[in-house]
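# Structure assessment
As a plain string of letters, each chain reads:
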Amino acid sequence: MTRDTRYDILFEPVKIGPVTAPSRFYQVPHCNGMGYRHPERHAAMRGIKAEGGWGVVCTEEVEIHPSSEISPSIEGRIWDASDIAYHRLMTDAVHAHGALAGIELVYNGFHAPNRETRLPPMAPTAMPVAAYDPVHARAMDRRDIQDLRRWYREAALRAKEAGFDIVYVYAGHSMSVLMHFMQARFNQRTDDYGGALENRVRLTKEVLSEAKDAVGDSCAIAFRFSVEEMIGTAGITSDGEGQDIVGMLAELPDLWDVTVSGWANDTVTARFEPSEGYQDKHTAFVKSLTTKPVVGVGRFTSVDGMVARIRGGVLDFIGAARPSIADPFLPKKIREGRVDEIRECIGCNICVTGDMQSVPIRCTQNPTMGEERRRGWHPERIAAKVSDDPVLIVGAGPAGLECALQLGKRGYPVTVAESGLEVGGRLNWESQLPGMASYRRVREYREGLLRQMANVEIYLDSALNADAVLAFQFPHVILATGSSWRRDGTGRQHQREIPGLAQRQILTPDDLMGGDVPAGKVAIFDDDHYIMGGLIAELLAGLGAQVTLITPAPLASHWTENTMEQKRIQKRLLEKEVTIVANHDLLSIDSNELETACVFTGKRRDLAADALVLVTARNADDQLHQELRGRADEFTTAGIKSLTAIGDCLAPGTVASAVYLGHLAARNLEGEPWDAGLFNRG
Ligand code: ADP
Ligand code: SF4
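Residues numbered from 1 in each chain as written. Chains lettered and ligands numbered in written order. Predicted model: local features only at pLDDT ≥ 70, side-chain atom pairs only at ≥ 80, totals over all residues. Heavy atoms only, no water.

### A word on the packing of aromatic side chains
Filter applied, for reference: Classification of ring pairs rests on two measures: the distance between centres of Phe, Tyr or Trp rings, Trp counted by its six-membered ring, which must be within 6.5 Å, and the angle between planes, read as stacked under 30 degrees, edge-to-face over 60 and tilted in between. In this description a helix means any DSSP run of H or I spanning at least four residues, a strand means any run of E spanning at least two, and both kinds are numbered starting from the N terminus. Working definition: with a 1.4 Å probe on protein chains only, accessible area under 20% of the residue-type maximum means buried, over 50% means exposed, and in between means partly exposed.
Inspection of every chain in the model, using the stated rule, returns eleven aromatic pairs. Their ring planes at 75 degrees and their centres at 5.2 Å tell us that Phe 223 and Trp 256 sit as a pair that is edge-to-face. Note that Phe 223 is positioned in strand S11 (residues 220–228) and Trp 256 in strand S12 (residues 255–260), a separation of 33 residues in sequence. Residue classification places Phe 223 among the buried positions, given a relative accessible area of 0%. Classification of Trp 256 as buried rests on a relative accessible area of 0%.

Below you can see the structure in the form of C-alpha cells.
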C-alpha cells in the first residue's frame, strides 16, 4: 500500500538544537508504572514505540535527587551514577530503530512527600505537601537553590552519559518545583526569586541555561511547560502569565513541549473531552513567540488533523502519550498507507490506573502494552498457528473479538457465533451512555480487520447451546459469553441478598439497556464504584428523573480517582442535581421506602423512591461453560481438544480485562499455559 502524499509532511526530519528527529511523531514523556523498578520492561516498551515509527521517544518523569521522590509511584530515577546503566537499556532500545531518546528530569517540590527517603521536601515557600500526607515542605534558602541548580546540571550530565539525545527541564502540571516557583500562589518569597514574574522565572532560566552549558553541545534541551492551569486568574493562564513566560524564555530551550495543567486536565478522558486537539485553544499561541520547534498533545489519531496542525502552524511535532500507548505502530501504519489499521485510543485512562496503583501500565485497546518483555508480546506480531485445527469462539464482545482477531492473524480457521444481531457485546450499549461513544472504537477496530480475514467467519443471530457446540465438532472451543448485572444486591457490601427485594421491581443496568427506563424518584445503589453507577445517574437525570445515588464509598464512582475522572463525575452529577448519599449502605427495601444506614455510625435514614437500580456486581454468564465442563466425557467423540472461557464469562471486569484475556487465550492456544512469563520480573 502507498501512503497519501498529503501525509508526507509528517515524515519530514526536524532539527531540535544539535539533534535531528527523523519524523514529526513524538512520544512525549508518560508514566508507566515500570520505571526504576522494571527497567528491562520499561526499555522494551519504549523500544517498541521507536520500532513503530515514533521519531522521539521519551521517559516518564525522572527524579534527579533523593530529596524529591514520589514513591510508591514508580517513576524514573537518575539520582546518581549507578542509575546510568539502567537508562542505557532504554536509549539503546530506542536508538536501535533510529529514533531520538528523551529524558524528563524532575524535581517535584511540594508535590513529593518523600515517603521512601523521609527527607523533608523543598518548595519556594513553606507549605504542606500536595498529597494529604502529614508532611510539610520547607522553604528553600539560597544554598538550597544552589544545590538544586547543581543537581539539575549533574543529572543532565548523567543523562548525556546514558545516551539521551534530548534532556528535559520540566515545569509542568504543578508537579515541578520550577513551576511552583513560577506560580504566584505558591511562591510568596520576598528575595529575587519571588514577587515579580521576572523573579519567579529566574530559577527556571538558570536551570535551562546551565543544562545547555552542561550538555547542550550534543543534547537538545527541551522545556516542558504548562501554559494554562484552568483555574482562571488564580493560576497561570494562556492569555496572561503563560504567554509572558513563553515570551521571556522563547529562544532559551531547543524545543517547547506545551500542555495544560494539572495532569487531569492534560490527560482528560474522552467522556469529558470528546474532541481531538482539545488543548489547541490554549497552546496554539506558543509558536508565534518562538522560532524553536513546538510539540503538543490532544489525543491525536486523525491523520488529517495532524497534517492540519503542522500546516496551520499550530505544532511542529505531533505529540502523543495515549495514542502511542494504544498503538505503538501508529506512525508506521500511516507511513505504509495502512491508516485503517490504526488502533485508536478511546480516552478511557485505564493506562493511567497503572501509574496510580504502582503497577505496570495496561491499555484497553492494546493488550500488549506493558507485556513487551514479561510475556514477550509484540503489538503487531504473533506466532503462526501450530496446527490447522479450526476454532469456535462463542460470543463477540471485546473478549471474543480480540481472541478472534489474534487467532485469525495466527492463521487458524476461526468461526465466531454471536447470539446478537451485531458484534460488540457490552460495548454496544455502554457506548451509548453519556460521553462513552469512543468505546465503539474497541469494536470497530477489531470488526474492521476481522471482516477482511478470509479465515474468519462471523455468524450473527446464532445463540449456541451445549448440544450445538458438541455437534459442531470444533477441536478448540473458546467461550466469551459475557456477564449480567446481579439483581440481588450482593457485592462488596452484601454477601447475601438485600432483604425485601421481592417487594418491588428491581432494575439493573441490563434492564435499562433493554429499554426499561425508570422515571420519577429513582434511587441507584452503587456498590460497583467504577463508571456504571455514575453513568446511569447521569443518564436518568438527563432524562428528567429525580436521582439519588447511594454509595457505601465516600465519593461517587470512587474508583475513577484512578482514571482522574472522579472530580468531573461528581461535579457533573451535582450539576444535574443528583443527590449523592455517600458513606451509606442500603440495608433493606419495602414497597415504599429504602432503609439506608451510615457505614460508620449505623444511623438509619429512610429514602422514598419510585424505582431502584442496583449497580453492585455482575454474574459471569458461564452456564454454557459449566454445562460443557459437565459433559467433558463427550469431548473425545465431539473432537474437542480444548475448552477455554475468557473475558467476563470467566470473571467480570473492565473492557480492558476482557480484551486482555481474549488476547492471552489466542497467544496460548496449543502453546504455553496461561501463567507462562508471569515471573519474568525484570
Ligand atoms: P466480554 O466483555 O467478556 O467480551 P460481553 O458481554 O461484552 O463479554 O460479550 C459477550 C457476547 O456473547 C455478547 O455479545 C452475547 O450476545 C454473546 N453470547 C452470550 N451467550 C451466547 C451464546 N450462548 N451463544 C452465542 N453468543 C452468546
Ligand atoms: Fe487510550 Fe484507554 Fe489505552 Fe489509555 S488505556 S491509551 S486512554 S485506550
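Back to the text.
### Some remarks on the side chain of Asp 280
The cut-off we apply is this: Counting of polar contacts relies on pairs of N or O atoms within 3.5 Å, with two restrictions inside protein: one atom must be capable of donating a hydrogen and the other of accepting it, and residues adjacent in sequence are counted only when both atoms are side-chain atoms. Note on contacts: a residue pair is in contact if any heavy atoms of the two residues lie within 4.5 Å.
With respect to the helices, strands and loops of the structure, Asp 280 is situated in helix H8 (residues 280–283). Taking the relative accessible area as the measure of exposure, Asp 280 reaches 17% and is therefore buried. Among the polar contacts listed, one links the side chain of Asp 280 to the side chain of Arg 309, at a separation of 2.7 Å. In this structure, Asp 280 is in contact with Phe 300, Arg 309 and Val 314, ignoring residues within four places of it in sequence.

### Some words on the sheet that holds strand S23 (residues 579–581)
Whenever strands of a sheet pair, they do so through backbone hydrogen bonds, lying parallel or antiparallel. So the rule is basically this: Paired strands are those between which DSSP finds at least two bridges.
Pairing in this open sheet of five strands is parallel, and the strands run S20-S27-S21-S22-S23 from one edge to the other. The open sheet is flanked by strand S20 (506–507) and S23, the only strands paired with a single partner. Sheet topology places strand S22 (residues 546–550) next to S23; three bridges connect them, and they run parallel. Looking across to S23, one finds that Ile 550 is bridged to Val 581.

### A closer look at the site of ligand 1
Rules: The criterion for a residue being near a molecule or strand is simple. One of its heavy atoms has to lie within 4 Å of it. For the area figures, the Shrake-Rupley method with a 1.4 Å probe applies, and any residue is considered shielded solely by the protein chains shown. In this classification, the charged set is Asp, Glu, Lys and Arg, the nonpolar set is Ala, Val, Leu, Ile, Met, Phe, Trp, Tyr, Cys and Pro, and all remaining amino acids, among them Gly, are polar.
Every one of the 21 residues lining ligand 1 counts as a neighbour, but Ala 399, Glu 418, Arg 426, Leu 464 and Asp 648 are closest to it. In this structure, Asp 648 approaches ligand 1 through a side-chain N or O atom, which is 2.6 Å from an oxygen atom. Expressed as a share of its isolated accessible area of 580 Å², the protein-covered part of ligand 1 is 85%. Considering only residue class, the shell around ligand 1 consists of nine nonpolar, nine polar and three charged.

### Regarding the domain arrangement of the protein chain
Keep this limit in mind: All the domain ranges listed were derived from an automatic or database domain assignment. Buried area is understood as the total, over both parts, of accessible area removed when two parts are fitted together, assessed with a 1.4 Å probe. Salt bridges are identified by distance alone: a Lys or Arg side-chain nitrogen within 4 Å of an Asp or Glu carboxyl oxygen.
Splitting the protein chain by domain gives domain 1 (5–356), domain 2 (391–482 + 621–668) and domain 3 (488–619). Using C-alpha coordinates to define each centre, domain 1 is positioned 40 Å away from domain 2. Each partner contributes to the interface: domain 1 provides eleven residues, whereas domain 2 provides twelve residues. Of the roughly 950 Å² buried where domain 1 meets domain 2, counting both sides, 60% is carbon and sulfur surface. Broken down residue by residue, the surface that domain 1 buries against domain 2 is led by Arg 271, Arg 343 and Ile 346, which jointly contribute 49%. Between the two partners, domain 1 and domain 2, sit one salt bridge. Measuring nitrogen to oxygen at the nearest pair gives 3.5 Å for the salt bridge that ties Glu 344 to Arg 441. At the junction of domain 1 with domain 2, the criterion picks out four residue pairs in polar contact (both at pLDDT 80 or more).

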